[in-house]
Amino acid sequence: MKFFLDTANVAEIKRLNELGVVDGVTTNPSIIFKEGRDFEEVIKEICAIVPGPVSAEVIGLTTEEMVSEARILAKWADNVVVKIPMTEAGLKAVRILSAEGIETNVTLIFTVAQGLLAMKAGANFISPFIGRLDDIGVDGYKLVEELRQIIDIYGFDTEIIAASIRNLEHVETVACLGSHIATIPSNLFSKLWSHPLTDQGIEAFLKDWAAFKK
Ligand code: G3P
């Protein structure tokens, strides 16, 4: 499973990218707003750091607005993927952009039907929101599992980005369910490598080594 970072914080992206396991980045208007920086400048900087796909979202709600914004975003860097919301207008935009060779990530997916429609429209990526389904007591894991089944049965090229990831269990479970990608907030990323028993183990080994060297 590929790891994307769900952030627009350039310092964090630079730091975590040095691990060599960051395969892409996702942003949305809320994430960009949090950084308080110019949208274009931030996306261009991120695209220069991470060679993989970097999602930048459109704001317009009509097909025409989405398509014209997407054409601009796609020119910012070769690895920009345009994030399009899951609406009727969005689906039409994905079809047009797909024919133009502009990569898309259909976001705010909460049902299998939405995912299937996005795949049929030609989306390169679909983003089911696991944490937000948890919030309303709906099983996001089942959604990921079924979307993956559909991709495999019908041979779609679309990749699943498990999004709205809030904890380590989300990451581990979507990996077991065959999500192609999990997009992870940078503050959660360190939880992927840490465990108290690892820290205690290192401490014990060092203590024994110090006693042995005396
Ligand atoms: O990738 C989508 C993500 O940014 C939304 O996460 O925690 O606001 O539901 P959250």
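Residues numbered from 1 in each chain as written. Predicted model: local features only at pLDDT ≥ 70, side-chain atom pairs only at ≥ 80, totals over all residues. Heavy atoms only, no water.

(A) Examining the sheet that holds strand β4 (residues 80-85) more closely. Pairing within the closed barrel is parallel, and its 8 strands lie in the order β1-β2-β3-β4-β5-β6-β7-β8. For this sheet, the mean angle separating the axes of adjacent strands, direction not counted, is 30 degrees. Note: strand β5 (residues 104-109) against strand β6 (residues 125-128), 3 bridges, orientation parallel. Residue Asn105 lies in a different strand from β6, and its bridge partner there is Phe125. Contacts from helix α5 (residues 88-99) reach β4 and β5, with the element oriented near 155 degrees to β4. (Pairing = 2+ DSSP bridges. Helix = DSSP H or I, 4+ residues; strand = E, 2+ residues; numbered from the N terminus. Axes fitted to C-alpha atoms, helices over the stretch in contact; angles between N-to-C directions. Contact = heavy atoms within 4.5 Å.)

(B) Representation of the pairing of β6 within the structure. Covered by surrounding structure in β6 are Phe125 and Ser127 together with Ile126 and Pro128, the residues of both alternating faces. In terms of handedness, the path from β5 via helix α6 (residues 112-121) over to β6 forms a crossover that is right-handed. Relative to strand β7 (residues 159-162), β6 runs parallel, the two sharing 2 bridges. Looking across to β7, one finds that Ile126 is bridged to Ile160. (Buried < 20%, exposed > 50% of the residue type's maximum accessible area, 1.4 Å probe, protein only. Right-handed = clockwise from strand over helix to strand, strands pointing away.)

(C) Region of interest: the site of the ligand. Taken together, the residues surrounding the ligand are Asp6, Asn28, Ile31, Phe129, Arg132, Ala163, Ser164, Arg166 and Thr183. Take Asn28: an N or O atom from its side chain is 3.1 Å from an oxygen atom of the ligand. One nitrogen or oxygen atom from the side chain of Arg132 is found 2.6 Å from an oxygen atom belonging to the ligand. Contact with the protein chains covers 80% of the free accessible surface of the ligand, which is 310 Å². Comparing atom positions with the cavity grids shows the ligand to sit within the largest pocket. (Near = heavy atom within 4 Å. Polar contact = N/O pair within 3.5 Å; in protein donor to acceptor, adjacent residues only side chain to side chain. Areas by Shrake-Rupley, 256 points an atom, 1.4 Å probe, with all protein chains shown as cover. 1 Å grid on protein atoms, 1.4 Å probe; cavity = no way out; pocket = protein on both sides within 12 Å on 5 of 7 lines; lining within 4 Å. Sits in = over half its atoms within 2 Å of the grid points.)

(D) Structural detail: the pattern of salt bridges. One pass over the structure, following the stated rule, counts 9 salt bridges. Between Arg37 and Glu45 there is a salt bridge whose closest N-O contact spans 2.6 Å. For Arg166, the salt bridge is made with Asp135, and the minimal N-O distance between the two is 3.1 Å. One end of the pair, Arg166, is in the loop between β7 and α9 (168-176); the other, Asp135, is in helix α7 (residues 130-135), and 31 residues separate them in sequence. When salt bridges that share partners are traced, they join Arg37, Glu41 and Glu45 into one network. (Salt bridge = Lys/Arg side-chain N within 4 Å of Asp/Glu carboxyl O.)

(E) Inspection of the environment of Arg148 at higher detail. With respect to the helices, strands and loops of the structure, Arg148 is situated in helix α8 (residues 140-154). Arg148 gets classed as partly exposed once you look at its relative accessible area, which sits at 23%. Between the C-alpha atom of Arg148 and that of Ile72, which follows or precedes it by 76 residues, the distance is 31 Å. Excluding its chain neighbours within four sequence positions, the residues that come into contact with Arg148 are Ile160, Leu177, Gly178 and His180.

(F) Highlighting the layout of surface pockets. Taken as a whole, the largest pocket holds about 480 Å³ of empty space. Contributing to the lining of the largest pocket are 24 residues, with Asp6, Asn28, Ile31, Lys34 and Pro185 lying nearest its centre. At the level of elements, α2 (29-35) and α10 (186-189) are the ones that each hand at least two residues to the lining of the largest pocket. Element by element, the count of residues in the lining of the largest pocket is highest for α2, at 4 residues. Taken together, the residues of the lining of the largest pocket sort by class into 8 nonpolar, 10 polar and 6 charged. (Points joined across faces, edges and corners; volume = space filled by probe spheres on them. Nonpolar A, V, L, I, M, F, W, Y, C, P; charged D, E, K, R; others polar.)

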